[in-house]
Amino acid sequence: FDQNLKTGYELIDKAKSSGANAVKFQLFKAKKLYPHDKKMFKIFKSIELREDHFEKFFNYAKKLRLDVSASTFDLKTARYLKKFKVDFHKIASSELTNYKLIDYLSKSKLPILLSSGMSDLQDIKNAVKICEKNKNSNIVIMQCGSDYPLNHKDVNLNTLATFKSNFKYYLGFSDHTIAEIAGITSVGFGATVFEKHVTLNKNSVGPDHFFAMEPSEFKGYITKI
């Protein structure tokens, strides 16, 4: 949303009118993720979501009767998120071995989405065990490829079959491709939760716009799924 409140509100409007059930934001702190003298720090610092903006977006989306959440990447931010009545938690694939974070969030008993993009099967099993220890069985295991965009040859939806044989929980697909076919096909593998980046304009300047879906595409994506 390019740090623009008006754009953020419009994205929430478009998500609702497209048929989405939920909107999810990212509450990361660049200084906790990257060395300060690196290029990635500057990029992520420039797109950091301010906490007061998140509060405005949260309230606006709830008025539209959308489920709302935000990915968090450290315990301090997770504790901040606790003051909101979010509807689910999402563990980004980079954090699937952040066991302290998973332990803290799974204690809420809210649905917890585990993204698998940067993990192996044992990492996922470890994360699931933490949720089970906290008596949280509201788990969705998300197949994900951590490329932006993700080429079709690298999607590997067969992984969902592996998940199905190893876990008793819901399955999902975090879709980083630039098309719709992988999301549609994932339904046949048992996916019931779908995540997609959205933008108002693919040509906007920023790290996510070029591979995200514009509202008209996103509406078609949801309809076909």
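Remember, predicted model here, so these are calculated numbers, not experimental data. (Residues numbered from 1 in each chain as written. Predicted model: local features only at pLDDT ≥ 70, side-chain atom pairs only at ≥ 80, totals over all residues. Heavy atoms only, no water.)

Q: Give a description of the environment of Phe 189 that names residues and reports values.
A: Take Phe 189: it is sitting in the loop between α9 (181-186) and β7 (191-196). Counting along the chain gives 188 residues from Phe 189 to Phe 1, while the straight-line C-alpha distance between them is 32 Å. Once you skip the residues sitting within four places of it in the chain, Phe 189 turns out to touch Leu 157, Asn 158, Leu 160 and Leu 171. (Helix = DSSP H or I, 4+ residues; strand = E, 2+ residues; numbered from the N terminus. Contact = heavy atoms within 4.5 Å.)

Q: Please give an account of helix α6 (residues 99-106) that cites residues and values.
A: Residues of α6 that are buried: Leu 101, Ile 102, Asp 103, Leu 105 and Ser 106. Along its buried surface, α6 packs onto β2 (67-72), α5 (75-81), β3 (89-91), β4 (112-115) and α7 (121-133). (Buried < 20%, exposed > 50% of the residue type's maximum accessible area, 1.4 Å probe, protein only.)

Q: Account for the sheet that holds β7, with residues named and values stated.
A: Overall, parallel pairing links the five strands, which are arranged β3-β4-β5-β6-β7 in an open sheet. At either end of the open sheet lies a strand with only one pairing partner, and these are β3 and β7. Going from strand to strand, the sheet's axes swing by 25° on average, the running direction of each strand aside. Bridge analysis of strand β6 (residues 170-175) against β7 gives five bridges, and the strand direction is parallel. By the bridge assignment, Gly 172 is partnered in β7 with Val 193. (Pairing = 2+ DSSP bridges. Axes fitted to C-alpha atoms, helices over the stretch in contact; angles between N-to-C directions.)

Q: Describe the packing of helix α1 (residues 5-18) against helix α4 (residues 51-63), with residues and values.
A: Two elements in contact, α1 and α4, have axes whose closest approach is 10 Å; the angle formed by their N-to-C orientations is 30°. In terms of orientation, α1 lies roughly parallel with respect to α4. Like other packed secondary-structure pairs, α1 and α4 cross with a definite hand, here right-handed. Counted together, Leu 5, Gly 8, Tyr 9, Ile 12 and Asp 13 of α1 and His 53, Lys 56, Phe 57, Tyr 60 and Ala 61 of α4 form the full contact between these two elements. (Parallel < 35°, antiparallel > 145°, perpendicular 65-115°, else oblique. Left-handed = near helix turned anticlockwise from the far one by under 90°.)

Q: Got a sec to walk through the packing of α7 against helix α8 (residues 158-166)? Specific residues and values, please.
A: Two numbers describe how α7 lies on α8: the axes approach to 12 Å, and their chain directions differ by 45°. Accordingly, the angle class assigned to the pair α7 and α8 is oblique. The interaxial crossing formed by α7 with α8 has right-handed handedness. From α7, Leu 121, Ile 124 and Lys 125 reach across to α8, where they touch Thr 162, Phe 163 and Asn 166. Split into classes, the residues belonging to the contact of α7 with α8 amount to three nonpolar, two polar and one charged. (Nonpolar A, V, L, I, M, F, W, Y, C, P; charged D, E, K, R; others polar.)

Q: So what about the packing of aromatic side chains? Which residues, and what values?
A: For the structure shown, the criterion picks out 11 aromatic pairs. Centre to centre, the rings of Phe 218 and Tyr 221 are 6.4 Å apart; their planes meet at 25°, and the pair counts as stacked. Remark: Tyr 221 and Phe 218 occur in helix α10 (residues 215-224); sequence separation between them is three residues, near one turn of the helix. Here the aromatic cluster, defined as three or more aromatic residues joined through ring pairs, consists of Phe 1, Tyr 9, Phe 25, Phe 54, Phe 57, Phe 58, Tyr 60, Tyr 80 and Phe 84. When the ring centre of Tyr 104 is taken as reference, the NZ or CZ atom of Arg 79 above it lies at 5.8 Å. Its end group placed over the ring of Tyr 221, Lys 196 keeps NZ or CZ at 5.1 Å from the ring centre. (Phe/Tyr/Trp six-rings, centres within 6.5 Å; stacked < 30°, edge-to-face > 60°. Lys NZ or Arg CZ within 6 Å of the ring centre and 35° of its normal.)

Q: So what's going on with the side chain of Ser 106? Which residues, and what values?
A: Note on placement: Ser 106 falls in helix α6. Within the structure, Ser 106 has its side chain in polar contact with the side chain of Asn 134 (distance 2.8 Å). Those residues within four positions of Ser 106 in sequence are excluded, and the remaining contacts are Ile 112, Ile 130, Cys 131, Asn 134 and Asn 136. (Polar contact = N/O pair within 3.5 Å; in protein donor to acceptor, adjacent residues only side chain to side chain.)

Q: Quick rundown of the environment of Ala 179? Include the residues and the values.
A: Counting through the fold element by element, Ala 179 comes out in the loop between β6 and α9. Between the C-alpha atom of Ala 179 and that of Phe 167, which follows or precedes it by 12 residues, the distance is 28 Å. Non-local contacts of Ala 179, meaning those with residues more than four positions away in its chain, are made with His 152, Lys 196, Met 213 and Tyr 221.

Q: Could you give an account of the nonpolar core, naming the residues involved and the relevant values?
A: By size, the foremost hydrophobic cluster in this structure holds 26 residues, and its most contacted members are Leu 114, Val 128, Ile 139 and Ile 141. If you list the elements that add at least two residues to this core, you get α6, β4, α7, β5 (139-144), α8 and β6. At five residues, α7 tops the list of elements feeding residues into this core. Filtering out sequence-adjacent residues up to four positions away, Ile 141 remains in contact with Leu 114, Ile 124, Val 128, Phe 163, Phe 167, Tyr 170, Leu 171 and Gly 172. One finds Val 23, Leu 27, Phe 57 and Ala 61 within the second-largest nonpolar core, a separate group that totals 20 residues. (Core = buried A, V, L, I, M, F, W, Y, C linked by side-chain atoms within 4.5 Å.)

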